[in-house]
Amino acid sequence: MKKWLLMVVAALLLTACSDKEETTKNEITDEESTIGFEVLGDEVAEAPDVPKDEEEQILAAFDEYIQSFNSKDIDRYVQTLSKNPQGFNYEDDLETAKKAFEQYNIERTPSDVTIVKYSENEAQVFANLDIQMTEIETDVELTSSGRQVTVFVKEDDAWKVTSVYYIGNDSQQ
């Protein structure tokens, strides 16, 4: 039962309280944009023609998003989020993160981080994620992994998270 509860919490946190439905299709589409990535297989195509300085800024923003969450620094974490997100409610995400930081130690480890879509005002970053979660009160541990696309928008000349799409792998412990 505890593992089930932890998995639900992990899924909620990893999607940044996303109000988009999880999917196992190759594309997620809403009225404004298409999020595309290969769910099966090992190929992830890098977006062409990303300016080097923008690539560095986007990847730094993604790294800060992950590291601020892992360090449980709520002030730092909210600085990575868009003030007008498309995929989650800002205030709900803030409250969920605060509760998670109080109750769990969560370490998200990304690999294969790749910018898969780019325009001047939006970037999509793909990553495989390994998640190690421990409930502080009980020391119950859970590990899981999945694929995530984090969508960034340019806000005040900085890249901010506006939505997150996560699909967990089948084998979880």
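Residues numbered from 1 in each chain as written. Predicted model: local features only at pLDDT ≥ 70, side-chain atom pairs only at ≥ 80, totals over all residues. Heavy atoms only, no water.

### Examining helix 2 (residues 52-70)
Phase 1: With 19 residues, helix 2 ought to run about 27 Å at 1.5 Å a step, and its terminal C-alpha atoms sit 27 Å apart, in line with that.
Phase 2: Within helix 2, the full set of buried residues consists of Glu54, Glu55, Ile58, Ala61, Phe62, Tyr65, Ile66, Ser68, Phe69 and Asn70.
Phase 3: In the stretch just after helix 2, Lys72 is the one whose phi turns positive, near 60°. (Helix = DSSP H or I, 4+ residues; strand = E, 2+ residues; numbered from the N terminus. Expected span 1.5 Å × (residues − 1). Buried < 20%, exposed > 50% of the residue type's maximum accessible area, 1.4 Å probe, protein only.)

### Quick notes on the nonpolar core
Phase 1: With 33 residues, the main nonpolar core has Tyr65 and Tyr77 as its most contacted residues.
Phase 2: When residues of this core are traced back to their parent elements, those giving at least two are helix 2, helix 3 (74-78), helix 4 (90-103), strand 3 (104-118), strand 4 (122-135), strand 5 (141-155) and strand 6 (158-168). (Core = buried A, V, L, I, M, F, W, Y, C linked by side-chain atoms within 4.5 Å.)

### As for helix 4
Phase 1: Between its first and last C-alpha, helix 4 extends 20 Å over 14 residues, near the 20 Å set by a 1.5 Å rise per residue.
Phase 2: Among the residues making up helix 4, those that are buried are Tyr90, Asp93, Leu94, Ala97, Ala100 and Phe101. Looking straight down helix 4, one finds its buried side chains confined to an arc of 130°; they lie on one side. Facing away from the buried side of helix 4 by more than 90 degrees, the exposed set consists of Lys99 and Glu102. (Arc of directions from axis to C-beta.)

### Quick look at the pairing of strand 5
Phase 1: Judged by how many residues are buried, strand 5 sits mostly within the fold: twelve of 15 residues are covered.
Phase 2: Between strand 4 and strand 5, which pair antiparallel one after the other, the connecting turn spans five residues, and Asp139 there sits at a positive phi close to 65°.
Phase 3: Across ten bridges, the pairing between strand 5 and strand 6 is antiparallel. Paired with Glu155 across the two strands is Ala158, which belongs to strand 6.
Phase 4: Where strand 5 folds back onto strand 6 in an antiparallel hairpin, the turn is made up of two residues, including Asp156, whose phi is positive at roughly 50°. (Pairing = 2+ DSSP bridges.)

### As for the pattern of salt bridges
Phase 1: Applying the stated criterion to the full structure yields four salt bridges.
Phase 2: The salt bridge involving Lys154 is made with Glu54; its shortest N-O contact spans 3.0 Å. Within this pair, whereas Lys154 is found in strand 5, its partner Glu54 is found in helix 2, the two being separated by 100 residues in sequence.
Phase 3: Judged by its relative accessible area of 25%, Lys154 is partly exposed.
Phase 4: Between Arg76 and Glu64 there is a salt bridge; the shortest N-O distance is 2.6 Å. Taken together, the residues span a long stretch of sequence, with Arg76 in helix 3 and Glu64 in helix 2 at a distance of twelve residues.
Phase 5: Arg76 gets classed as partly exposed once you look at its relative accessible area, which sits at 29%. (Salt bridge = Lys/Arg side-chain N within 4 Å of Asp/Glu carboxyl O.)

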